[in-house]
Amino acid sequence: MLDEILNSPLNGGLEATLVLIILIFLEAVLSADNAIALAALSQGLEDPKLQRQALNFGLVVAYVLRISLILTATWITNFWQFELLGAAYLLWLVFQYFTSNDDPEHEHHGPRFETLLQAIPLIALTDLAFSLDSVTTAIAVSQETWLVLTGATIGIITLRFMAGLFIRWLDEFVHLEDAGYLTVALVGLRLLLRVIDDQLVPPEWLMISAIALLFLWGFSQRTLTTSTIEKPETVEEPEKSEVSK
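Here the structure is a predicted model, which means the values were calculated and not measured.

Reading the values: rules and limits
- Residue numbers restart at each chain and count upward from 1, following the sequence in its written direction.
- Given that the model is predicted, a residue must reach a pLDDT of at least 70 before its local features are reported, and side-chain atom pairs must reach 80 or more before they are shown or counted; all residues, however, enter totals for whole chains, interfaces and linings.
- To get the side-chain values, take all heavy atoms of the structure and skip hydrogens and water.
- Strands are runs of DSSP state E lasting at least 2 residues, helices are runs of H or I lasting at least 4, and numbering of each runs from the N terminus.
- Here's how the labels work: a residue is buried when its accessible area is under 20% of the maximum for its type, exposed when over 50%, partly exposed in between, all with a 1.4 Å probe on protein chains only.
- We call two residues contacting when some pair of their heavy atoms lies within 4.5 Å.
- A residue counts toward a patch only above 30% relative accessible area and without a salt bridge, and it is joined to like-charged neighbours within 9 Å or, for Val, Leu, Ile, Met, Phe, Trp and Tyr, to nonpolar neighbours within 5 Å.
- Areas reported here follow the Shrake-Rupley algorithm with a probe of radius 1.4 Å; residue values treat only the protein chains shown as occluding.
- The rule for a salt bridge is simple: a side-chain nitrogen of Lys or Arg has to be within 4 Å of a carboxyl oxygen of Asp or Glu.
- We call a set of buried Ala, Val, Leu, Ile, Met, Phe, Trp, Tyr and Cys residues a nonpolar core when their side-chain atoms join them within 4.5 Å.

Enquirer: Explanation requested: the overall build of the chain in the structure shown.
Expert: The helix and strand tally for the chain stands at 9 helices and 0 strands. Its helices and strands in sequence order give the chain the pattern α-α-α-α-α-α-α-α-α, from N to C terminus. Across the 245 residues that make up the chain, the buried fraction comes to 40%. Within the chain, counting contacts between residues at least 6 apart in sequence, those at least 24 apart form 84% of the total.

Structure below.
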């Protein structure tokens, strides 16, 4: 049915519109795991203001890298080494997170940053590693470069909005950060399987289903705070009657 509509001589700009909608939908779906990963990384900075600045500047750099990736995608896809590096980087982040020692003063187990300039490159590189997967999917949908670039632009805007939400939610839900890094592991393993053999790569619907289940687990338990813990009721002591002399 879709093919008949797109092949119709009356479709005009309908094909471009439908493809753009599909690309935006893919960017939104595939940005969820990316957003939580970037939000978790930004928490390596103590100051909430610096966390927001790290996301803003990091995603500006990430946008430039993502556009460069799209423009050179035909060339890059010929070199499996890029995907191997992306997979190794993402899996290294996961390994570093789950093997880090517990810090009684900080719940964040990921990389820690002393300055803003330390966080920005890591955020940009993480988005680039995720883009190796999402850009390949986008190019498979459309060979029109301007459509893919438009989808990527909307995707970056969506990613910044979602990452801002996740920064707040990471403090509210116990398992959300763990779930986020597990989704990073899934993307890293997917890239690694693509390097080994394309036939081993799981279908997109299976990846989305697995990520959705991880997100359900991540949002399953709220963090207990002093405001949520009920204080025991205090029993008022009866006033002592005055003792008559």
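Enquirer: Before we go on, may I ask you to explain a nonpolar patch on the surface in this structure?
Expert: There is a patch of nonpolar side chains on the surface, built from Trp-75, Phe-79 and Phe-82 and spanning about 300 Å² of accessible area. Locating Trp-75 in the fold gives a position in helix 4 (residues 73–76).

Enquirer: Hey, could you run me through the nonpolar core in this one?
Expert: The nonpolar side chains of a soluble globular protein tend to be buried with one another. Ranked by size, the top nonpolar core spans 53 residues in total, and within it Leu-38, Leu-41, Leu-90 and Phe-166 carry the most contacts. Of all the elements in the fold, those that place two or more residues in this core are helix 2 (14–42), helix 3 (48–71), helix 4, helix 5 (80–99), helix 6 (116–141), helix 7 (145–170), helix 8 (176–196) and helix 9 (204–218). Broken down by element, this core gets its largest block of residues, 10 residues, from helix 6. Those residues in contact with Leu-38, other than ones at most four positions away along the chain, are Leu-55, Leu-59, Ile-123, Thr-126, Asp-127 and Leu-159.

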